[in-house]
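# Fold and geometry: a report
Read off the chains here:
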Amino acid sequence: MSAGSTPSEYGLFIGGASLPASRGERAPVLDPATNRPIATAPVGRADDARHAMEVAESAFRNSGWAEDDGGRRARALYRLARLLEERAESFAVLETTNMGKTIRESKGDIGYVVRTLDYVAGLADKIEGETIPVPGARLDYTLREPLGVTVHIAPWNYPLLLAIRSVAPALAAGNAVVLKPASLTPLTALSFAALAKEAGVPDGIFNVVVGPGGEVGETLVTDPRCRSVSFTGSSEVGQRIAELAARRVIPMTLELGGKSPVVVLPDADLDRAAKGIGFGIFGNAGQMCWAGSRLIVPDALHDELVAKVSKIANGLKLGPGSESTSEMGPVVSADQLDRVVGFVEEARSAGSTVVAGGDRAKEPPLDAGNFVRPTIVTGVSPEQRVVREEVFGPVLSVLRYGQVDEAVRLANDTRYGLFAALWTRDLSQAHTLARQLEAGMVSINEPPTTFPQSPFGGYKESGIGFEQGRRVVESYTRRKNVIVNLGSAKAKK
Ligand code: NAD
C-alpha cells in the first residue's frame, strides 16, 4: 500500500503486512476542510496492541536488525529517505487531505522527514562505547545496546513528521518499533510503514497500531515487552504516560504542550518581528506545540505592533489545504474548532478585546469545514485561561510590559517551558535574556525554527528528554559496562 495509490480502506501494519483490526472495527477518517470521509481506518484494540508487541519482540530477537554494525540499518534508512523523496508529492497530498494543513506546509513536513532519515542514517554506524582507565591490569569498556521494543505515541498536528522524529533514531539504534499515530490522522504513518518494508526494514521491526489512546496506548506502554516510550502530545496525557512508565521503570521521552512567549524588546525591527509573530501563531493554523501564543510587547509599541500583526492576520487567505492559493487551512476537527472558539468567547466575556478574527469562517464553502479566522486578543491579564492554557489554534494573546525584567517575569509565568522567542537588535541583551528564559528552546530574531540536528525538548511541564540532534540515537540505547581482569593474580585494587 502506498500513498500514491491512496487506498480507501487502511489496515493495521504488523509484521510487514496490512491487517484488519482483530474485531473487524473500522472508523471513517475525515477531511477537515469538508468534514467528509476520505477513507476508513482500522480501530485496533488491546489484542492488536499485544499482537504488535509480540511480533516486534520476535523480530528484534530473530531478524538480525539489532546485531549488525549499523551499516545495514544505515542503508535501509537511506533507501527509505530516497523512496519517500520520490513519493513526496503523494504523501504531502495525503497529509493535507487527512490533517488539513496547506499543501505547502505538508511538502515542508515530508521534506523534513526525508532530512531526518538522512541525518539519522548517518548516525546508525557511529554508536560507540568507551574504554575507561581503571586501576590495575584491567580493561573497562562500555557497550551501547538497543533497548528492545520501543513504543512511540504521536499526535495529530504533524502526523508523519513527529512520528518519524522518534521512530527513525530508535530504528537506527537497532530497536523494533511499535508506533501508535493519533486516531484522527493515521494515514501517512500507515503508508510510510509499507514504504519501510520496501526499503528493506525487516518484517516486524516497524509496526503501526491505530486505536483509542486510552486502550491501545496504555496497553502498549504497560506491556512487559515495552522497553521505552516516546510520547508526543498533551501534558495531561504525558503525565499519565509518566505514571505508567514509572511503574514499569522504563525510560521515557515526553514532548508535551507549550504556551510560548514572544518577547519584543523596544529596539526590535517591528516589520520583521510582525512577520515572525504571524508565522509563529498562524502557521499550521496555530496547531503547533511551540506556537508563539503569548506576545509580550512594550507599552509604547503595543498599538503599532498589534496593528502590523492584525494586518497579517486579516490578509491570510483561508482555504482548503489542497488549494495552492490557501495560506491557512482548517483546524483538525469540529471538536478542536469548538474548543478554540470557546477560548476566544470566554476571553471576550471577561472583557478582553478581539482585534482580529475571533470566530469560525461562516462563508461557503468554508462553513462546511473547521476554519477558524486568525485571531488576536488584547487587554488580557496573566490569569486568564486564554493566556495560561494551550489553545492549540490560531489565537494570539497580547500582554504589555514596562521594564524588561517585567517582560522576563511574564514570559516565565507559565507551567510550560518549551520555547521562547526574542526580537531585538541588541544581541548582547538577547544572549543575556536567552539565559533567563525558562524554555528548552529559544530563538532570536527568528520564528519557531528547527532542524534534525538541533535538540528539541522542553523544560517544566513541557517534557522530559529531547528528540533530534546527534545524541538522540544514544537515548534509544542502554549502556553496559564490561570489566576484564587482564592478569587475574596481578590485578590490584
Ligand atoms: P493527545 O495527548 O490528546 O494525544 C497524543 C497521542 O496520545 C494520540 O496518539 C492519542 O491517541 C494518545 N493517547 C491519548 N490518551 C492516551 C493514554 N491514556 N495513553 C496512551 N496514549 C494516549 O495530544 P493531541 O491532541 O494529539 O496533540 C496535541 C498536543 O500535543 C498539544 O498539547 C501539543 O502541544 C502537543 N505536542 C507537543 C509537541 C512537542 O514536541 N513538545 C509536538 C506536537 C504536539
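Our subject is the structure listed above.
Residues numbered from 1 in each chain as written. Predicted model: local features only at pLDDT ≥ 70, side-chain atom pairs only at ≥ 80, totals over all residues. Heavy atoms only, no water.

Before going further, it helps to examine unusual backbone geometry. The amide bond that connects Pro-364 to the next residue, Pro-365, takes the cis arrangement and shows omega of 0°. When you line up the elements, Pro-365 lands in the loop between strand S14 (353–356) and strand S15 (375–378). (Helix = DSSP H or I, 4+ residues; strand = E, 2+ residues; numbered from the N terminus.)

Running from N to C, helix H4 (residues 103–121) and helix H5 (residues 159–172) point in directions that differ by 10°, and their axes come no closer than 10 Å. The orientation of H4 with respect to H5, classified from their angle, is roughly parallel. Between H4 and H5, the contacting residues are Asp-109, Ile-110, Tyr-112, Val-113, Thr-116, Leu-117 and Val-120 on the first element and Leu-160, Leu-161, Ile-164, Arg-165, Ala-168, Pro-169 and Ala-172 on the second. Looking at side-chain class alone, the contact of H4 with H5 contains 11 nonpolar, one polar and two charged residues. (Axes fitted to C-alpha atoms, helices over the stretch in contact; angles between N-to-C directions. Parallel < 35°, antiparallel > 145°, perpendicular 65-115°, else oblique. Contact = heavy atoms within 4.5 Å. Nonpolar A, V, L, I, M, F, W, Y, C, P; charged D, E, K, R; others polar.)

A sheet is described by the order of its strands in space; here seven strands give the open sequence S14-S15-S16-S13-S12-S18-S19, paired in mixed fashion. Each end of this open sheet is capped by a strand with a single partner; those strands are S14 and strand S19 (441–444). Averaged over neighbouring strand pairs, the angle between their axes works out to 25° when direction is ignored. Pairing of strand S18 (residues 419–423) with S19 involves four bridges; the strand directions are parallel. Each residue of the ladder has a partner; that of Leu-422, found in S19, is Ile-444. (Pairing = 2+ DSSP bridges.)

Turning our eyes to something else, we now look at helix H10 (residues 302–315). Between its first and last C-alpha atoms H10 spans 20 Å; for 14 residues at 1.5 Å apiece the expected length is 20 Å, and the two agree. Every buried residue belonging to H10 is among His-302, Leu-305, Val-306, Val-309, Ser-310 and Ala-313, and all of these are buried. Projected down its long axis, H10 carries its buried residues within an arc of 135°, all on one side. Set apart from the buried face of H10 by more than 90 degrees, the exposed residues are Lys-311, Asn-314 and Gly-315. Buried residues in H10 make contact with strand S12 (260–264), helix H9 (270–282), strand S13 (292–298), S14, S15 and strand S16 (395–401). (Expected span 1.5 Å × (residues − 1). Buried < 20%, exposed > 50% of the residue type's maximum accessible area, 1.4 Å probe, protein only. Arc of directions from axis to C-beta.)

Before going further, it helps to spend a moment on the nonpolar core. Membership of the largest hydrophobic core comes to 152 residues, with the highest contact counts inside it found for Leu-117, Ile-164, Phe-192, Phe-206 and Ile-277. When residues in this core are grouped by element, the largest group, 10 residues, is from H5. Inspection of this core shows a minimum of three residues originating in each of domain 1 (8–256 + 462–480) and domain 2 (261–444). Look past the residues within four positions of Leu-117 in its chain and what remains in contact with it is Leu-77, Leu-80, Ala-81, Leu-84, Ile-164, Ala-168 and Phe-192. Membership of the second largest hydrophobic core comes to five residues, among which are Met-99, Ala-182, Val-332 and Phe-392. (Core = buried A, V, L, I, M, F, W, Y, C linked by side-chain atoms within 4.5 Å. Domains from an automatic or database assignment.)

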